[in-house]
Amino acid sequence: MRRRLFPRSWLLPVLALCFGVLSATAAPLRLATTTSTQNSGLLDHLLPAFQARTGIEVQVIAVGTGRALRLGEAGDVDVVMVHAPQAERRFVASGAGTQRFPFMKNAFLLVGPPDDPAHLRGETDVVQALVRIARSGARFVSRGDDSGTHKKERALWQAAGLHPQGDWYVEAGQGMGKVLQMAGELGAYTLTDQGTWLAYRDRVALEPLVGGDPRLDNPYAVIPVDPRRHPHVNHRAAMALVEWLRSPEGQRAIAAYRLHGRQAFVPTAIGPRRDETVP
Amino acid sequence: MNGVGSAFTEALGLLISGDPALWEIVGVSFSVSLRAILVATPPALVVGYVLAWHAFPGRRLLVSLFETLLALPAVVVGLTVYLLLSRRGPLGDLGWLFTQPAMIVGQIVLAFPILVAMSRAAFRAVDPHALETVRTLGAGSVRGFTTLAREAQFGLGAAVIAAFGRIIAEVGSSMMVGGNILHHTRNIPTAIALETSKGSFAQGIALGLVLLTLALGLNVALGWFQARGAAHP
């Protein structure tokens, strides 16, 4: 026989192997979360400890809050970790999720170029700061991806009575880290969560300008996907994650996470139970 | 901020030191794309063979269709496979979304038109003498197919290499249906996209170098197959 590239003799075993491997996938916990928890490095800090405690492997799908909630609605993940309280309440009310479990928070802040063309430095009212940006014509990069940060940004523009549009308003459609990089490259302002900001501040030419306004609070919650609607979800593992995150051990791990020497997230489930039973 | 030079040096360091995180990602890429090629190739070659040597109504249309599909964007494939495999889609019960099998399905769809179009051309190019033999055997027979496949083996090898080169470098479909999950569905292109968005360029550059080296190797192999095919038509 001459050389053959495709001898039939090993074709069948090879195909059998392919499909064998195709179907051999275990059922770990699927977590849809925001780019802010992943890009800030928090999950890389928390999840190994969770796995060491429970033996449950968590597979992270990092998207915006809006998409994370839609993945939960469709039953494509077991649990979501997001930061948009209003959208979360709708998610639970619609029957997609069992319950909101708040477990940590941080804050948003406005960052911008060091030369600060809109003169935000010293401003404490975030809505006033947005009005100034719009008036100055300085550029602003929006996430534009229906993420939690984007939802917050839109609510703030609304509070300012403005409908941002035009060349100065850049809708990126990217994750938080990418948007910080874009704002740095463009010399633009943007709204960021504190965790991602601490992770990126040394890599981008931006400065923190407005923070501390109570309207910039950024609470995070985990919500298990309701097994009554999607019986295939790994509900037990989802509840294990909820309980661990809200346990003293999980809360300590959140508090201990430091970025460039600063605490990035504040645990909020320590002490008396603060889960919301009725919205 | 890291300069380009220091990121590049760091990238070389990662490659040379055999950084396990880096090579795991390379492993995912190869494992997924090799399985996709193994599944896609046999049926695609049969289709290429049929389109090359069987006259039937609508053949021209099918050939045009596959040639059009050559230009199919990976994100469109990703979107389609995503909709099929989502729990709300018709194949949702498989639970394949955000797993390697989903990436494999997407890459099969991407590889198939390339394999069909190039294998059809390879089958068309075989010695008419061999074709006579096949005609006496009966062109529809398995013997006919294997005989011609042996004659066209270098052209078919080139088809496989070209298709592999396409799917191992695609990012659109893998990102959408794989979800870029560390240790599972993070392959070279999705890792480069992520590292770039995180601003840590060294690993992105290192992975890019792996892809470039691979492309070079595949092109050399492609050239070799095509030269052999021309020398022994």
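Residues numbered from 1 in each chain as written. Chains lettered and ligands numbered in written order. Predicted model: local features only at pLDDT ≥ 70, side-chain atom pairs only at ≥ 80, totals over all residues.

Peer 1: Which parts of the structure should I look at to understand the overall build of chain B?
Peer 2: The number of helices and strands found in chain B is 11 helices and 0 strands. Counting every position in chain B, which comprises 233 residues, the buried fraction comes to 47%. For chain B, long-range pairs separated by at least 24 residues make up 77% of all intrachain contacts whose partners lie at least 6 apart in sequence. (Helix = DSSP H or I, 4+ residues; strand = E, 2+ residues; numbered from the N terminus. Buried ≥ 20, exposed ≤ 12 C-beta atoms within 10 Å, placed from the backbone. Contact = placed C-beta atoms within 7 Å.)

Peer 1: Could you clarify how one ought to interpret the overall build of chain A in this entry?
Peer 2: Summing up its helical and strand segments, chain A has 11 helices and 12 strands in all. Within the span of chain A, comprising 279 residues, buried residues form 48% of the whole.

Peer 1: Sorry, what's going on with the nonpolar core here?
Peer 2: Side chains of a nonpolar character, in soluble globular proteins, are inclined to be buried together. In terms of nonpolar packing, the biggest core is built from 147 residues, with Val79(A), Leu241(A), Ala111(B) and Leu115(B) touching the most fellow members. Taken domain by domain, the makeup of this core includes at least three residues from each of domain 1 (29-106 + 218-267) and domain 2 (107-216) of chain A. With sequence-adjacent residues up to four places away left out, Val79(A) is seen in contact with Leu29(A), Leu31(A), Val222(A), Ile223(A), Pro224(A), Val225(A), Ala238(A) and Leu241(A). (Core = buried A, V, L, I, M, F, W, Y, C linked by C-beta atoms within 7 Å. Domains from an automatic or database assignment.)

Peer 1: I'm lost on the packing of helix H6 (residues 126-136) of chain A against helix H7 (residues 148-159) of chain A in this one. Help?
Peer 2: Think of two packed helices as two axes; the pair is described by the angle between the axes and how far apart they sit. Residue and element names in this part refer to chain A. At their nearest, the axes of H6 and H7 sit 9 Å apart, and the two run at 80° to each other. If you check the angle between H6 and H7, you find them roughly perpendicular. The segment H6 lies against H7, with Val 126, Val 127 and Leu 130 engaging Leu 156, Trp 157 and Ala 159. Here the residues of the contact of H6 with H7 are counted per class, giving 6 nonpolar, no polar and no charged. (Axes fitted to C-alpha atoms, helices over the stretch in contact; angles between N-to-C directions. Parallel < 35°, antiparallel > 145°, perpendicular 65-115°, else oblique. Nonpolar A, V, L, I, M, F, W, Y, C, P; charged D, E, K, R; others polar.)

Peer 1: Can you help me understand the domain arrangement of chain A in this one?
Peer 2: It is common to give the size of an interface as the accessible area that goes away when the parts come together. All names here are of chain A. Taken domain by domain, chain A holds domain 1 (29-106 + 218-267) and domain 2 (107-216). Domain 1 and domain 2 are separated by 25 Å when their C-alpha centres are compared. Each partner contributes residues to the interface: domain 1 has 22 residues there, and domain 2 has 19 residues. Elements that contribute at least two residues to the side of domain 1 that touches domain 2 include exactly helix H2 (35-39) and helix H4 (65-73). A breakdown of the residues in the side of domain 1 that touches domain 2 according to their chemical character gives 7 nonpolar, 13 polar and 2 charged.

Peer 1: Which parts of the structure should I look at to understand H4(A)?
Peer 2: Since the α-helix advances by 3.6 residues per turn, residues separated by three or four positions end up pointing in the same direction. All names here are of chain A. Along H4, 7 of the 9 residues are buried, which leaves the element largely enclosed by surrounding structure. Tucked into the core, H4 has its buried residues touching strand S1 (29-34), strand S2 (58-63), strand S3 (79-82), helix H5 (85-93) and H7. Note on H4: the residue one or two positions beyond its end, Gly 75, has a positive phi of about 75°.

Peer 1: I would appreciate a short explanation of the pairing of S1(A) in the present structure.
Peer 2: The side chains of a regular strand alternate between the sheet's two faces. Residue and element names in this part refer to chain A. Burial of S1 is extensive: 6 of the 6 residues sit out of reach of the surface. Here S1 shows two buried faces, one formed by Leu 29, Leu 31 and Thr 33 and the other by Arg 30, Ala 32 and Thr 34. The sheet contact formed by S1 and S2 spans 6 bridges and is parallel. In the sheet register, Ala 32 faces S2, and the bridge partner there is Ile 61. As defined by bridge partners, S1 adjoins S3 across 3 bridges and the pair is classed as parallel. Considered in S3, the bridge of Leu 31 is made with Val 79. (Pairing = 2+ DSSP bridges.)

Peer 1: Would you explain the environment of Trp23(B) in this entry?
Peer 2: Of note, Trp23(B) is situated in helix H2 (residues 20-53). When the C-alpha positions of Trp23(B) and Ile188(B) are compared, they lie 9.5 Å apart, and in sequence the two are 165 residues distant.

Peer 1: Looking at this structure, I do not really get the environment of Ala169(B). What am I missing?
Peer 2: Residues and elements named next belong to chain B. Relative to the elements of secondary structure, Ala 169 occurs in the loop between helix H8 (153-168) and helix H9 (172-178). The class of Ala 169 is partly exposed, set by 18 C-beta atoms lying within 10 Å. Placed 42 residues apart in sequence, Ala 169 and Leu 211 show a C-alpha to C-alpha distance of 7.2 Å. Discounting residues that sit within four places of it in the chain, Ala 169 has contacts with Pro 189 and Leu 211.

Peer 1: I would appreciate a short explanation of the packing of helix H5 (residues 100-124) of chain B against H8(B) in the present structure.
Peer 2: Residue and element names in this part refer to chain B. Running from N to C, H5 and H8 cross one another at 155°; their axes reach a closest spacing of 8 Å. Comparing their axes, H8 and H5 come out roughly antiparallel. The way H5 lies across H8 gives a crossing that is right-handed. Touching Gln 107, Leu 110, Ala 111, Ile 114, Leu 115, Met 118, Ser 119, Ala 121 and Ala 122 of H5 are Gly 155, Leu 156, Ala 158, Ala 159, Val 160, Ala 162, Ala 163, Arg 166 and Ile 167, all from H8. In terms of residue class, the contact of H5 with H8 is built from 14 nonpolar, 3 polar and 1 charged. (Left-handed = near helix turned anticlockwise from the far one by under 90°.)

Peer 1: Looking at this structure, how should I read unusual backbone geometry?
Peer 2: In most cases, non-glycine residues show a negative phi, while peptide bonds are predominantly trans. A positive phi angle is found at His119(A), which is not glycine, with a value near 55°. The class of His119(A) is partly exposed, set by 13 C-beta atoms lying within 10 Å. In the Ramachandran plot, His183(B) falls in the positive-phi region, its phi being about 70° despite a non-glycine side chain. Looking at the element boundaries, His183(B) is found in the loop between H9 and helix H10 (188-198).

Peer 1: Just to check I follow, could you spell out the confidence of the model for chain A for this structure?
Peer 2: For any part of a model where pLDDT is low, the fine detail of the predicted coordinates should not be relied upon. All names here are of chain A. When pLDDT is averaged across chain A, the result is 87; 87% of the residues are at 70 or more. Scored below 50 in pLDDT, residues 18-26 makes 8 contacts in the model with residues more than four places away or belonging to other chains. Ignoring residues within four places in sequence, the model shows residues 272-279, a span with pLDDT below 50, making 9 contacts including any to other chains. (pLDDT = per-residue confidence, 0-100.)

Peer 1: Whenever I open this one, the pairing of S3(A) confuses me. Can you help?
Peer 2: Residue and element names in this part refer to chain A. Neither face of S3 is left uncovered, since the one carrying Val 79 and Met 81 and the one carrying Val 80 and Val 82 both have all their residues buried. Relative to strand S9 (residues 217-224), S3 is paired through 4 bridges, and the arrangement is antiparallel. Directly across from Val 79, in S9, lies its bridge partner Pro 224.

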